[in-house]
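# Fold and contact review
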Amino acid sequence: MLKIDNLHARVDDKDILKGLNLAIKPGEVHAIMGPNGSGKSTLGHVLAGRPGYAVTAGSATLLGQDILDMETEERAHLGLFLAYQYPVEIPGVSNMEFLKASVDAVREARGQEAISSVDFMKQARECCKTVDLDQSFLKRGVNEGFSGGEKKRNELMQMMLLEPKLCIMDETDSGLDIDALQVVANGVNAMRNAERSFILVTHYQRLLNYIEPDYVHVLAGGRIIKSGDKSLALELEEKGYAWLEDAA
Amino acid sequence: MTDFMQQPLTVAAETAPAWLAQVLERGRQQWRDSALPNRKTEAWKYNNLQALQQPFVAVDRHAAPQLGNIRYPQLPGSTLVFADGLYREELSKIDLPAGARLLRFSEADEASAAHIAERLGSAINRSQHRFAALNEATLTDGVFLQVDANTVLEQPVHLVWLTSGQMEAVSVNQRLLVQLGANSQASVVETFSNANTGGTAFTNGISELLLGEGARLDHYRLQLEQGESAHIGGVHAAIDANSTLNSFHLALGSRLKRIDLVVEHRGQGAHCELNGIYLPRGEEQVDYHTCIEHAVPHCTSSETFRGIVSDEACAIFNGRIHIHPNAQKTRAELSNKNLLTSNRAEVNTKPELEIYADDVQCAHGATVAQMDPLTLHYLRTRGVPKDEAEVMISYGFINELVDGVRNKALRDYLKPLLARRFARNDKLTRHILEEESLEQESLEGGHE
Ligand SMILES: Nc1ncnc2c1ncn2[C@@H]1O[C@H](COP(=O)(O)OP(=O)(O)OP(=O)(O)O)[C@@H](O)[C@H]1O
Ligand SMILES: [Mg+2]
C-alpha cells in the first residue's frame, strides 16, 4: 500500500523529517505516536503535498506509484486521505457543495460513474448519522464555527464519502468527548477492510482500545525510532518517551 | 468647468420639459461653479478620470438603437427599459396595484410635475456631489415611482438602463425618484447593462429614495456595465422614522465606475442595511463611496461590502459613518473585505468615522487579503482540482451577500452570473450552482 524510504523533508528551511522509513500493507492499521513537534503532522502534510513542505531526499509510493511528484488532487484521486489535526474553515462554501465537489472529482478520476444528487444526499445524510452530526451541518460553511469535535467528525464524514485506500488520521481523537470517540472508532472500524489501510496518529493509548492497530510506531526527531505491536502503546503510556529517545 | 459635456448640456436645455427648467438651471449653476475633480481632490484621489477626456453627445431623441442581446434579469412585476437614455415602450410593462404610480417625467401632467419638482433633489447635497448637479443640468427625462401610505407592492419595479454601444461617446442621463408613503412597502431593482462590444458611453445616474415613516424598501442597484463604459452617479436616500431601507449593490468592473451611496436617517428608529459586491478585473476600476448620515437618535445601520479584485484592476471603497451630535443610541456597523487574486490588483479601502455623540455603538473593519493557500490546499486534498477550488473559494467570498438577496428571481439570476465571473468554463461552477438543488433534495429527503 504505502512505502516510505529514507524520507527527508523540511519546512521553511527547517529539517523536520530525517530519514523516515515506513511500510504498510493493504488492510493494516498502523498507529504513530511520539512527542509534540516530532514530525507526525509533517509526515501527513508531506504525503498530501502541502505547499511549503519540501522533500529533500527519499521516496514515497502509494499503491506502487511515486506520489511525491504528483499534484495534491492526484494523490487524493489515487486514494490518499488526510484527516487534519486542525481542519480548515472555508466560509461561504457549504459543506454540501464541498462534499459533492470532492466526491464528483474523485469518482471521475477513478473512472467511476457520476453520482446523482439524490443518491449523493442519501449517502451524505447517512454519513451524518454515522458520525452523529445533525444534517444542518451539511448546509453550513465548511467547518465554519464548528466546535473542535464537530470538525473532527466532519473530517471522518469526508473520509467515509471519498472511500480512500489510505487514511491518515492526524489526532482525530484529540478534542473528542468519550461518546464521540466511540462514534469515530465505530466509523473507522466499519471502514476497515482488506484493501484499505490506516495510519492513526495519536497521543492516547485509549483510542487503540477501540481501534486495534496491527503496529505501533514511535516517531521522534523526524524518524521512526521504535516499532512494535499494540503492547508498545501500553508501555509508552507507562514510561513516556524519554527512555526511547535516550536510546535512539 | 470643462466642456466635455457641452453638447448634452445644450441639448437638455432645449428639449427638457418646461417644468424642469428650474431644476436644470440650479444644476447648471452648480456644475459651472465647481471644478472637475482631480487627483488633488480628496474624495477623488484614487479615481482615474481619463475616460472623461473626450466630448460626449446625447443621442438623437428619435434614435432606436439596436440592443442585440444585452443581458438583464427578467423579473415579474413592472419593468421600464431605457436604451441610450430613451424609453423603450415595446420592452416595458407596467403592472401595479392601486395606490402606486410609475411614470416618466416626460409624460407628467401638471399636478404630477409640481409634485415631482417639489421633491426632486431633496435628498441630495449638491455642493458635495458635483455629478448630481451635472445630472440635473442634463436632465430631460426620469422615472417617478410613488407608493401611497399603507400600500404594499408584492412585485418588484424594475428599471433597466441600457447602453447600446452603437455610437461613440454617448452621454446617458438616468434619474429615478422613489417616494414611499407611510408604512408602505416596495421592492425596486435598477439594472444598468451594456453591449459588451462597441462604443463608449458615459452614464450619469442618480437615484433618490424617500422613505416615509414606517416604510420599507428593498432596493437593488446592479451595475453590470462592462468594457469601455464609464458610470458616475449614485443613490441618495432619506429615511424617516421607523422606516427600513435594504439596499444591495453589485458592480462588475468597467473602465470607470464611481458610485456614491448616501443614506440620511431623518427620523428615530430608522434602519438601513447597505450591502455590496464589486468585482473589477483586467484594468477596470470600481469605486464605492458610501456615507451614512446618522442625523437623529435611535437609528441603526449595517453595511457590508465585499470586493474581489483581479489582474491589474483597482477597487476603491470609502465608508463614511457620520454620527451627528444629537444622534444618541445610534448603532452603526461597517465591514469591508477584499480578496486580491493577483499581485498587481489594487484596493484602497478606508472606513471614515466621524462621531460627535457619546452614547453610540459603532463597529467597523476592513481587510485586504490574498487567497489563503491552505484553504486552496485543503480543497485539493479532497480531490477538487485547483481551478475549481479557486472558483469555489472566490464565489464563497461573496456567497453570503448573494444569499442575502431576498428577491428569489434576482438571486437565481445573480448566482450563475457571479459564479461564472470567476470561471473559464461551466464545469468549474457546477457545484456552486448545484447547491440549491442539493439543499432542496436534503429538505425533501430529510422528511422520508
Ligand atoms: N512553518 C514552519 N516553520 C518552522 N518550523 C515549523 C513550521 N511548521 C512546522 N514546524 C515545526 O516542525 C516540527 C514538527 O511539527 P509537527 O506539526 O509535524 O509535529 P507533531 O509531531 O505533529 O506534533 P504534535 O504532537 O504537537 O501535533 C515542530 O517543531 C514545528 O514547530
Ligand atoms: Mg501534529
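Thresholds, definitions, all that
Residues numbered from 1 in each chain as written. Chains lettered and ligands numbered in written order. Predicted model: local features only at pLDDT ≥ 70, side-chain atom pairs only at ≥ 80, totals over all residues. Heavy atoms only, no water. Helix = DSSP H or I, 4+ residues; strand = E, 2+ residues; numbered from the N terminus. Rg over C-alpha atoms; globule rule 2.2 N^0.38 Å. Buried < 20%, exposed > 50% of the residue type's maximum accessible area, 1.4 Å probe, protein only. Contact = heavy atoms within 4.5 Å. Buried area = accessible area lost by both parts, 1.4 Å probe. Salt bridge = Lys/Arg side-chain N within 4 Å of Asp/Glu carboxyl O. Nonpolar A, V, L, I, M, F, W, Y, C, P; charged D, E, K, R; others polar. Donors = N, O, S within 2.8 Å, 3.2 Å for Na, K, Ca; no water. Near = heavy atom within 4 Å. Polar contact = N/O pair within 3.5 Å; in protein donor to acceptor, adjacent residues only side chain to side chain. Areas by Shrake-Rupley, 256 points an atom, 1.4 Å probe, with all protein chains shown as cover. Phe/Tyr/Trp six-rings, centres within 6.5 Å; stacked < 30°, edge-to-face > 60°. Core = buried A, V, L, I, M, F, W, Y, C linked by side-chain atoms within 4.5 Å. Domains from an automatic or database assignment. pLDDT = per-residue confidence, 0-100.

## Considering the overall build of chain A
Each helix and strand in chain A was counted, giving nine helices and twelve strands. Whereas a compact globule of 248 residues would reach a radius of gyration of roughly 18 Å, chain A reaches 18 Å, a difference of no more than 12%. In terms of overall dimensions, chain A has C-alpha extents of about 55 × 40 × 35 Å along its principal axes. Residue burial in chain A is summarised as follows: out of 248 residues, 55% are buried. Look at the contacts in chain A between residues 6 or more apart in sequence, and 67% of them connect residues 24 or more apart.

## A short note on the interface of chain A and chain B
Of the residues lining the interface, 45 residues belong to chain A; the matching set on chain B comes to 31 residues. Across the chain A/chain B interface, buried area totals approximately 3,100 Å², and carbon plus sulfur atoms make up 60% of it. Counting across the interface, chain A meets chain B through six salt bridges. Salt-bridge contacts for E108 of chain A lead to K427 of chain B; the nearest nitrogen and oxygen are separated by 2.9 Å. Those elements giving two or more residues to the side of chain A that touches chain B turn out to be helix 2 (72-78), strand 6 (80-83), strand 7 (90-94), helix 3 (95-109), helix 4 (117-131) and helix 5 (148-162) of chain A. The greatest single-element share of the side of chain A that touches chain B, amounting to ten residues, is contributed by helix 3 of chain A. Partitioning the side of chain A that touches chain B into residue classes produces 23 nonpolar, ten polar and twelve charged.

## Things to note about the coordination of the magnesium ion (ligand 2)
All names here are of chain A. Every protein donor of the magnesium ion (ligand 2) is accounted for by S41 (OG) and Q85 (OE1), and the metal-donor separations fall at 2.0 to 2.2 Å. Taken as a pair, S41 in helix 1 (residues 40-48) and Q85 in the loop between strand 6 and strand 7 lie far apart in primary sequence, 44 residues in all. For Q85, a relative accessible area of 16% gives the class buried.

## Here's the deal with the site of ligand 1
All names here are of chain A. As a structural note, the neighbourhood of ligand 1 is formed by 15 residues, with G37, K40, S41, T42 and H203 the closest of them. Here an oxygen atom of ligand 1 sits 3.3 Å away from a polar atom, N or O, in the side chain of E171. In this structure, an oxygen atom belonging to ligand 1 sits 2.8 Å away from a side-chain N or O atom of H203. Across the complex, the protein chains shield 67% of the 640 Å² of accessible surface that ligand 1 would expose by itself. For the shell around ligand 1, the elements supplying multiple residues, two or more each, are strand 2 (14-24) and helix 1. Looking at the shell around ligand 1, the element that brings in the most residues is helix 1, giving three residues. For the shell around ligand 1, the per-class residue count stands at three nonpolar, eight polar and four charged.

## A look at the packing of aromatic side chains
Residues and elements named next belong to chain B. Scanning all chains against the criterion turns up 18 aromatic pairs over all chains. Considering the side-chain rings of F4 and F202, the 6.1 Å spacing of their centres and the 45 degrees angle between planes classify their relative orientation as tilted. Of this pair, F4 sits in the segment before helix 1 (6-15) while F202 is found in strand 9 (residues 201-211), placing the two residues 198 residues apart along the sequence. A single burial state applies to F4 and to F202, both of which are buried. The rings of F4, W31, W44, F56, F131 and F202 are connected pair by pair, giving a single aromatic cluster.

## Here we look at the nonpolar core
Side chains of a nonpolar character, in soluble globular proteins, are inclined to be buried together. Core analysis: the largest hydrophobic core is formed by 120 residues, its most contacted members being M169 of chain A together with L250, L414 and L418 of chain B. The biggest single contributor to this core is helix 6 (residues 386-403) of chain B, with nine residues. In terms of domain composition, this core takes at least three residues from each of domain 1 (6-267) and domain 2 (378-448) of chain B. In this view, L418 of chain B contacts L250, L252, I277, L279, Y395, I398 and V402 of chain B; residues no more than four positions away in its chain are not counted. Formed by 52 residues, the second largest nonpolar core is a distinct cluster that contains A100, A215, A327 and L334 of chain B.

## Observations concerning the pattern of salt bridges
Going through the model one piece at a time under the given rule, you end up with 42 salt bridges over all chains. Taking the shortest distance from any N to any O, the salt bridge between R382 of chain B and E155 of chain A comes out at 2.7 Å. Here R382 of chain B, found in the loop between helix 5 (373-381) and helix 6, pairs with E155 of chain A, found in helix 5, and the two come from separate chains. For the pair R382 of chain B and E155 of chain A, a shared accessibility class is recorded, and that class is buried. Salt-bridge contacts for E264 of chain B lead to R266 of chain B; the nearest nitrogen and oxygen are separated by 3.4 Å. E264 of chain B sits in the partly exposed class, given a relative accessible area of 26%. Judged by its relative accessible area of 36%, R266 of chain B falls in the partly exposed class. Three or more residues joined by partner-sharing salt bridges are found here, namely R26, R126, E136, R175 and E208 of chain B.

## Notes on the confidence of the model for chain B
Taken residue by residue, chain B gives an average pLDDT of 93. The fraction at 70 or more is 98%. Confidence estimates for the predicted assembly give a pTM of 0.92 and an ipTM of 0.97.

## Quick notes on the domain arrangement of chain B
The parts lose accessible area when they come together, and the size of an interface is often stated as this lost area. Residues and elements named next belong to chain B. Considered domain by domain, chain B is made up of domain 1 (6-267) and domain 2 (378-448). Its C-alpha centre places domain 1 at a distance of 32 Å from the equivalent point of domain 2. Counting each side, the surface lost to burial between domain 1 and domain 2 is near 1,200 Å², with a carbon and sulfur contribution of 70%. Of all residues in domain 1, the largest losses of buried area upon contact with domain 2 belong to Y220, F248 and L252, amounting jointly to 34% of the total for that side.

## What to know about the environment of G404 of chain B
Residue and element names in this part refer to chain B. You can see G404 is positioned in the loop between helix 6 and helix 7 (408-421). For G404, a relative accessible area of 43% translates into the label partly exposed. When the C-alpha atoms of G404 and F248 are compared, they prove to be 9.1 Å apart, with 156 residues separating the residues in sequence.

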